[in-house]
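Listed here are the chains, written in short residue letters.
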2 protein chains.
Amino acid sequence: MDEIDELLSIRAAELYYEENKTQDEIGQALRLTRWKVGRLLAQAKQRGFIRIEILHPRARRLPIERRLREERGLTDAIVVSTAGVHTPEELQERTAQAAADYLTALRPVPRTLGVSWGRTLFEISQHLRSGWATGVNVVQINGGVSLNRRPGTAAATAVGIAQKGGGSATLLPSPAILERLATKEAIESDRVVAGVIELARSADAYLFSAGAADHNSVHVESGYLSVSDVDVLVQKGAVGDVVGRYIDSDGNIVDPALDARTVGLTLDELRASPLAIAVVAGQAKHAVADAVVRSGLCSVLVTDEATALHLLDG
Amino acid sequence: MDEIDELLSIRAAELYYEENKTQDEIGQALRLTRWKVGRLLAQAKQRGFIRIEILHPRARRLPIERRLREERGLTDAIVVSTAGVHTPEELQERTAQAAADYLTALRPVPRTLGVSWGRTLFEISQHLRSGWATGVNVVQINGGVSLNRRPGTAAATAVGIAQKGGGSATLLPSPAILERLATKEAIESDRVVAGVIELARSADAYLFSAGAADHNSVHVESGYLSVSDVDVLVQKGAVGDVVGRYIDSDGNIVDPALDARTVGLTLDELRASPLAIAVVAGQAKHAVADAVVRSGLCSVLVTDEATALHLLDG
DNA sequence: CGCCGTCGTGCTCATATGAGCAGGATCACC
DNA sequence: GGTGATCCTGCTCATATGAGCACGACGGCG
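What you are looking at is a predicted structure, and each value in this text was computed from that prediction instead of being measured.

Examining the overall build of chain A
Link 1 in the chain: Within chain A, the regular secondary structure consists of 15 helices and 10 strands.
Link 2 in the chain: Each principal axis of the C-alpha atoms in chain A carries an extent, and together these give about 85 × 45 × 35 Å.
Link 3 in the chain: Taking all 314 residues of chain A together, the buried fraction comes to 53%.
Link 4 in the chain: Put simply, 70% of the contacts in chain A that link residues at least 6 apart link residues at least 24 apart.
Link 5 in the chain: Summed over all atoms, the accessible surface of chain A reaches about 14,100 Å², with 50% contributed by carbon and sulfur.

Things to note about the protein's contact with DNA strand D
Link 1 in the chain: All residues adjacent to DNA strand D are Y16(A), T22(A), Q23(A), R34(A), R39(A), T33(B), W35(B), K36(B) and R39(B).
Link 2 in the chain: Near the protein, meaning within 4 Å, the atoms of DNA strand D are sugar or phosphate in a fraction of 50%, with bases accounting for the rest.
Link 3 in the chain: The separation between a base oxygen of DNA strand D and a polar side-chain atom of R39(A) is 3.4 Å.
Link 4 in the chain: Separating a phosphate oxygen of DNA strand D from a side-chain N or O atom of T33(B) is a distance of 3.3 Å.
Link 5 in the chain: Put simply, the parts of the chain that give the surface near DNA strand D at least two residues each are α3 (34–46) of chain A together with α3 (34–46) of chain B.
Link 6 in the chain: For the surface near DNA strand D, the class distribution of residues is 2 nonpolar, 3 polar and 4 charged.

What to know about the packing of aromatic side chains
All names here are of chain A.
Link 1 in the chain: Applying the stated rule across the entire model yields 2 aromatic pairs over all chains.
Link 2 in the chain: When the ring of Y16 is compared with that of Y17, the centres are 5.1 Å apart and the planes differ by 90°; the resulting orientation is edge-to-face.
Link 3 in the chain: The exposure class of Y16 is partly exposed, given its relative accessible area of 30%.
Link 4 in the chain: Accessibility expressed as a relative area gives 19% for Y17, which makes it buried.

A short note on the side chain of D255(B)
All names here are of chain B.
Link 1 in the chain: Examined against the element boundaries, D255 turns out to sit in the loop between β8 (245–248) and α12 (256–260).
Link 2 in the chain: For D255, a relative accessible area of 18% translates into the label buried.
Link 3 in the chain: Beyond its immediate sequence surroundings of up to four residues, D255 is in contact with L233 and K236.

A look at the pattern of salt bridges
Link 1 in the chain: Within this structure, the stated rule accounts for 38 salt bridges over all chains.
Link 2 in the chain: Linking R58(B) and D101(B) is a salt bridge whose minimum nitrogen-to-oxygen distance equals 3.2 Å. Placement of the pair is R58(B) in the loop between β1 (50–54) and α4 (62–72) and D101(B) in helix α5 (residues 88–105), with a sequence separation of 43 residues.
Link 3 in the chain: D101(B) sits in the partly exposed class, given a relative accessible area of 26%.
Link 4 in the chain: Where salt bridges share partners, they join E18(A), R61(B) and E305(B) into one cluster.

A few points about helix α1 (residues 2–18) of chain B
Link 1 in the chain: Here α1(B) spans 23 Å end to end across 17 residues, near enough to the 24 Å set by a 1.5 Å rise per residue.
Link 2 in the chain: Here α1(B) has its buried residues at D5(B), L7(B), S9(B), I10(B), R11(B), A12(B), A13(B), E14(B), L15(B), Y17(B) and E18(B).
Link 3 in the chain: Close packing links the buried residues of α1(B) with β1 (50–54) and α4 (62–72) of chain A together with α2 (23–30), α3 and β1 of chain B.
Link 4 in the chain: In the stretch just after α1(B), N20(B) is the one whose phi turns positive, near 55°.

Some thoughts on the layout of surface pockets
Link 1 in the chain: In this structure, the largest pocket spans a volume of roughly 1,400 Å³.
Link 2 in the chain: Lining the largest pocket we find 45 residues, and of these Y17(A), R51(A), I52(A), Y17(B) and I52(B) sit closest to its centre.
Link 3 in the chain: The set of elements that each furnish at least two residues to the lining of the largest pocket consists of α1 (2–18), α3 and β1 of chain A together with α1, α3 and β1 of chain B.
Link 4 in the chain: Residue classes in the lining of the largest pocket are distributed as 19 nonpolar, 11 polar and 15 charged.
Link 5 in the chain: For the second largest pocket, the calculated volume is near 970 Å³.
Link 6 in the chain: Forming the walls of the second largest pocket are 28 residues, and the residues nearest its centre are L7(A), R11(A), R60(B), D101(B) and A105(B).
Link 7 in the chain: Only α1 of chain A together with α4, β2 (76–80) and α5 of chain B provide two or more residues apiece to the lining of the second largest pocket.
Link 8 in the chain: Classifying every residue of the lining of the second largest pocket gives 14 nonpolar, 3 polar and 11 charged.

What about the interface of chain B and chain A?
Link 1 in the chain: Facing the 28 residues of chain B at the interface are 28 residues of chain A.
Link 2 in the chain: Between chain B and chain A the total buried area reaches about 2,900 Å² when both faces are included, carbon and sulfur atoms providing 52% of it.
Link 3 in the chain: By the criterion of area lost to chain A, the three top residues of chain B are E18(B), R51(B) and I54(B), representing 21% of everything that side buries.
Link 4 in the chain: On the surface where chain B and chain A come into contact, there are 6 salt bridges.
Link 5 in the chain: Measuring nitrogen to oxygen at the nearest pair gives 2.8 Å for the salt bridge that ties E18(A) to R61(B).

Some points on empty space enclosed by the protein
Link 1 in the chain: In this structure the tally under the stated criterion is 4 cavities of 30 Å³ or more.
Link 2 in the chain: Roughly 50 Å³ of internal volume is contained in the largest cavity.
Link 3 in the chain: Residue lining of the largest cavity: R11(A), P57(B), R58(B), R60(B), V80(B), R94(B), Q97(B), A98(B) and D101(B), and that is the complete set.
Link 4 in the chain: Taken together, the residues that form the lining of the largest cavity break down as 3 nonpolar, 1 polar and 5 charged.

Basis of the calculations
Residues numbered from 1 in each chain as written. Chains lettered and ligands numbered in written order. Predicted model: local features only at pLDDT ≥ 70, side-chain atom pairs only at ≥ 80, totals over all residues. Heavy atoms only, no water. Helix = DSSP H or I, 4+ residues; strand = E, 2+ residues; numbered from the N terminus. Buried < 20%, exposed > 50% of the residue type's maximum accessible area, 1.4 Å probe, protein only. Contact = heavy atoms within 4.5 Å. Areas by Shrake-Rupley, 256 points an atom, 1.4 Å probe, with all protein chains shown as cover. Near = heavy atom within 4 Å. Polar contact = N/O pair within 3.5 Å; in protein donor to acceptor, adjacent residues only side chain to side chain. Nonpolar A, V, L, I, M, F, W, Y, C, P; charged D, E, K, R; others polar. Phe/Tyr/Trp six-rings, centres within 6.5 Å; stacked < 30°, edge-to-face > 60°. Salt bridge = Lys/Arg side-chain N within 4 Å of Asp/Glu carboxyl O. Expected span 1.5 Å × (residues − 1). 1 Å grid on protein atoms, 1.4 Å probe; cavity = no way out; pocket = protein on both sides within 12 Å on 5 of 7 lines; lining within 4 Å. Points joined across faces, edges and corners; volume = space filled by probe spheres on them. Buried area = accessible area lost by both parts, 1.4 Å probe.

These results come straight from atomic positions and should not be treated as a statement about function.
Written out as structure tokens, the structure is:
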């Protein structure tokens, strides 16, 4: 009886979803009462035979968002659908767009927004629309005077977000990582730098991404770390970095000495914030994303479906 | 206005399909009237943002079946869904199952059923249930005394279909292809063979598959043709074979001399039948499937979604 | 053999949804 | 600036669907 009911529910589903027949019509066709048809359809859904997908770059996965909030204790979660995505770039774009949307809809509008920099942040800045806010002051939360070929990306990110939000940007004029601890301490005690960091600490909200601990890292690209530095970090358990600080899968600093030479907000300062928005997407970042969420580095997470499911698996 | 409506329709779809909210509730959430929500949802569907799939081995694609009937003039078409299929074997199995289902449901039940043989037919015979019919006589319609390692597969197919249908099988005791024309003529004039072919001509319905013209062909495997024979046929335009007869993309015999040495029903005899059921599935058979349907070799086609779409493309 | 619990069935009634229509805003064109 | 066509909106009303319930069949168990 179960076998035949299963088949009937499939036949009914075909007529209902593909042929747009009413349950009554299906009943006539299959010689069933319309109530039976309704039950078969409910069964088909419940057993997972029916899959409904929303195919759109802006589509989100609300049930997964809910699970992230409930099971991972996030204040909010934005999960973009991966349906129909073929390239990592597309995924990245969808996520950046979603982050921009989230910022735009954010109430109350933060007066001061602390931001990190990197590929993800840059893309978010590009997806924001002019007038997304009125009068947001943007402040960099980690060092970012860029050494690489595309100088000013970090600056362009912060400035872009600020301009489109009708405010101004405060840049942190410092490298991300210094070679010597003494230099780092010296630079942090510089009046301007200290002032910027102070401002960063007072931000209403933070927006940052995370990097994977691999050779494509922005730190390698920017010249702050060498390929072998990264290898060593991985050796020590690093899964990625947040605002330039490398963490292991529990969210702990992997290399305290290195960390001491890194300029910007500390991770605990980030954790203390009531509104820390992390934007992390892509296969390569599953491990960091997990560390970020587990160790409470963010209160809001913007990510993709595959990454979200990875977080919920463990 | 269109941009924003599109976004709204996606938000509405998320709430409707993923969160099971009513259109009214969605209206409250998005500050819209419920009629507007209904229209947005309709729009999302109509623009193709909503994809509903039935994930089940027995699922069929009724809209595609309809198109095949209407645009390709078939009496009937059965198209199995490819959703969730990963291997060609799985596809083959689904299609065989569907063919078995079709036979089982066929009314009026044919008294005499002509069948070919091959991997597909064998699988269909395995998927049929005992008692699928009461008293069907099965007759082979093309030569099939097997030369290969698995002798009797052809016989097992016909016998299996007959036994499960409560009838008996009549085998055609002849090779598929003879080496010399004279031998073929001699064997066809044999009283028994002639009788079987006569019976085959009188069948109420035919069930057959088609083979691709490649090195995996059953004819190569059985030793009736060599690999180079097949290459030559392909050279001459062959896309595959039906009941052992190789055809080009228009359904015409590719090599009349070879055809004359092939034992069994002719293609025109098949075309004349009011109920000729072809079962053809898989990427490799797209070209033959096309030839079969275009040249009217079958009145009923059982196939998979990808093949069906290929047929409808041209 | 009879009893009771369980399950599936077909109903009533409440609710959700879709079709069709009238009024009003918008826009191009005169 | 007037005027008509067009589109959009929010309605009424008909229909489709889902929730809950009472009945009867079935099967296990005393």
